[in-house]
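Examination of the molecular architecture
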Amino acid sequence: QYTFVVPDSRRRDRDNYLIMAKPIPDGLVRAGVLLDDDYKTLSYAPVIFKIERKGNSRTIVEIRGKTY
């Protein structure tokens, strides 16, 4: 799940944010955290936007999976 923390409530295109986040799963695969980042391996929860006027913009990534 991706949570994008933003400083205001203006309209944002979710697809653009997902494109900007593309390196995240690629890096997790390269680091061995994920087996792959294809549609069979990952299912994405909805993209969430959180407004924090005094905070810094950031991206929060939550990975949930099966416990073996």
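The model shown is predicted, which means the values in this text are computed figures rather than measured ones.

Section: the overall build of the chain
When you go through the chain residue by residue, the secondary structure sums to 2 helices and 3 strands. Helices and strands in the chain line up, N terminus first, as β-α-α-β-β. Reported as C-alpha extents along the three principal axes, the dimensions of the chain are approximately 40 × 20 × 20 Å. The proportion of buried residues among the 68 residues of the chain is 18%. Put simply, 71% of the contacts in the chain that link residues at least 6 apart link residues at least 24 apart. Of the roughly 5700 Å² of accessible surface on the chain, 53% is carried by carbon and sulfur atoms. Averaging the positions of the 13 positive and the 9 negative side-chain charges in the chain gives two centres separated by 7 Å.

Each value, and the rule that gives it
- Residues numbered from 1 in each chain as written.
- Predicted model: local features only at pLDDT ≥ 70, side-chain atom pairs only at ≥ 80, totals over all residues.
- Heavy atoms only, no water.
- Helix = DSSP H or I, 4+ residues; strand = E, 2+ residues; numbered from the N terminus.
- Buried < 20%, exposed > 50% of the residue type's maximum accessible area, 1.4 Å probe, protein only.
- Contact = heavy atoms within 4.5 Å.
- Areas by Shrake-Rupley, 256 points an atom, 1.4 Å probe, with all protein chains shown as cover.
- Lys, Arg positive; Asp, Glu negative; His and termini not counted.
- Charge placed at Lys NZ, Arg CZ, Asp CG, Glu CD.

By themselves these figures say nothing about function.
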